[in-house]
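If you want the building blocks of each chain, they are given just below.
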Amino acid sequence: MLVSKSIASRAGLASAAASRSCRPSFAAMPLRAKVLGQQAPISTQAAAELFKPVEGDEPEDVLFNSLYNLRSVELNRPAKYNALNGSMIRKIAPRLLEWERSDMANVIVIKGSGEKAFCAGGDVAALAKQNAEGPEGIKKSVDYFGLEYKLNHLISTYTRPYVAFLDGITMGGGVGLSIHAPFRIATERTVFAMPETKIGFFPDVGASFFLPRMPGQVGTYLGLTSALLKGVQVYYAGIATHYLHSSSLPALESRLAELTPRDYWTIEQRLSVINDTIEEFSTGVPYDEKIEVGGKVRLAIDRCFKYDKIDEIIAALKEEAAEGAKGGVAGWAKNTLEELTQRSPTSLHVTLRQMRLGKSWGIAHTFKREHQMAAKFMKSHDFNEGVTALLIDKGLNGPAKWKPASLDEIPPGANISEDYFKNDPELPVLELLNDRSYMQYPYNKFGLPNDYDVKEAIEKGNFTREKLIDHFVETRRGKQGVREAVSDVLDRMAVRSKGTDHVQWKKE
């Protein structure tokens, strides 16, 4: 019988908690399959020093709780949409390190306070104000990104099951706290975006890794346009692995706390049990919502965003937007063109190159490279201009005045992104909290099937359309949304073989 050990602990105690000794338990939770690196993580003493509180840190901007075998992190700045800052990072990181060493922490849940946001991003307004102070302020901003990316990498290589409740606005820094986890739960209130090109920045927090690995050109599209995805669309796009109603999250959290894994279970077994538990709370996807990043729009995204130059993408979109265009998505193309013209031209060029290079970066290398890139942006005109115009002045003084002002001002053949991908010899390479890395997410089987999964199934066996859909419904154990997702892939990418009812992948 389980005995309740519910102990609410305030974030102000995080530093002290990090210094308590806990018996190591890596044998009970082996490192993820395909994860390279065996070096032990940073010591609790070193972590306490690295993440020690500084003057001005809020005492309760993060709340921690223990219930049976579950440990929870609650972002607690609802008035700021739980925007992430250094004070919060200095509490979360050491606590996660402590829990990773504890036999008692068997599942971690991260969530946001209030009904509006999980985490609306990093507190970039504070960074822009710091940058205005000169070199010392810029250094503080660069140091902030160093701490944030250390935390992001820790989450991406964490050896305890980690569940993120994306209930509400989830953007920028909030994506970094969740996207690399094996379980990411969207609700009807979820609003996802990587809005960095709007403010003269680049999609960071590991976006160099996760966006290029999305099917087709969806990641490039989301990174360049800052497009919003809401509710079940976050699930259909693969950003979330599960879709639940927000009202079920408290009950799910209590149920997860009751799980008692055996010491000899592998990480795969533990994750499978958690996945099954989450699925118990599924109530279906909205029957009246089509997949937005699917069908004709998805085909157009792949056609337009496949190019390696911004001007080629713009030309492709103009062709789609032309009257009488065959794609049938003229309205979408016009809106996308309008959005891109409002973005920082520098950010667009940097982001596109980032999407192409990131395909070959491991997860650890990703955060080291992004730290160098972020440092360059802190000194740039566009970041400080964009944040000031959009988030500080809130448009009262007009739109951001980019330099260069528009895409048309960039000479043909000019490579304005090159400097952002050069390491600064005066900035040391970011030292992460452990040496674990991988080239593909080790546990990406808990979400909906995507293009890659369907293509692999078609190439391995002979299926009719309905048999293939049934195959995925069966192998995903009746997971909600599987039928809709696989049907969309087949509509776009499969044709019937000549002389049979079997489907085959379209020739590219």
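Just so it is clear, the structure is predicted and the values come from calculations on it, not from any experiment. (Residues numbered from 1 in each chain as written. Predicted model: local features only at pLDDT ≥ 70, side-chain atom pairs only at ≥ 80, totals over all residues. Heavy atoms only, no water.)

Draft legend 1. Molecular detail of the nonpolar core. Grouped together as the largest cluster of nonpolar side chains are 126 residues, with contacts concentrated most on Leu96, Phe201 and Trp332. When residues of this core are assigned to their parent elements, the largest contribution, nine residues, is made by helix H5 (residues 135-156). Excluding anything up to four places from it in sequence, phenylalanine 201 contacts Phe145, Tyr149, Glu196, Ser347, Thr351, Ala374, Phe377, Met378 and Phe383. In terms of nonpolar packing, the next biggest core, distinct from the first, is built from 22 residues, Ile185, Leu244, Ile274 and Phe281 among them. (Core = buried A, V, L, I, M, F, W, Y, C linked by side-chain atoms within 4.5 Å. Buried < 20%, exposed > 50% of the residue type's maximum accessible area, 1.4 Å probe, protein only. Helix = DSSP H or I, 4+ residues; strand = E, 2+ residues; numbered from the N terminus. Contact = heavy atoms within 4.5 Å.)

Draft legend 2. Structural detail: helix H3 (residues 86-100). Between its first and last C-alpha, H3 extends 21 Å over 15 residues, near the 21 Å set by a 1.5 Å rise per residue. Burial analysis of H3 places 15 of its 15 residues in the buried class, which makes it a mostly covered element. The N-capping residue of H3, defined by a side-chain oxygen 3.2 Å from the backbone nitrogen of serine 87, is asparagine 85. (Expected span 1.5 Å × (residues − 1). Polar contact = N/O pair within 3.5 Å; in protein donor to acceptor, adjacent residues only side chain to side chain.)

Draft legend 3. Fine view of the environment of alanine 389. Here alanine 389 lies in helix H17 (residues 381-392). Note: C-alpha distance between alanine 389 and leucine 229 (160 residues apart in sequence) is 24 Å. Setting aside chain neighbours within four positions, we find alanine 389 in contact with Lys394, Gly395, Gly398, Pro399 and Ala400.

Draft legend 4. Structural context of the environment of proline 412. Relative to the elements of secondary structure, proline 412 occurs in the loop between H17 and helix H18 (451-460). Sequence-wise, proline 412 and proline 399 are 13 residues apart; in three dimensions their C-alpha atoms are separated by 25 Å.

Draft legend 5. Local environment of the pairing of strand S4 (residues 107-112). Within S4, six of the six residues are buried, which leaves it mostly tucked inside the rest of the structure. With burial as the criterion, each face of S4 is covered, one bearing Val107, Val109 and Lys111 and the other bearing Ile108, Ile110 and Gly112. Across six bridges, strand S3 (residues 70-75) lies against S4 in parallel orientation. Along S4, the bridge assignment pairs glutamate 74 with lysine 111. With respect to chirality, the unit in which S3 leads through H3 into the neighbouring parallel S4 is right-handed. By the bridge criterion, three bridges tie S4 to strand S6 (residues 162-166) in an arrangement that is parallel. (Pairing = 2+ DSSP bridges. Right-handed = clockwise from strand over helix to strand, strands pointing away.)

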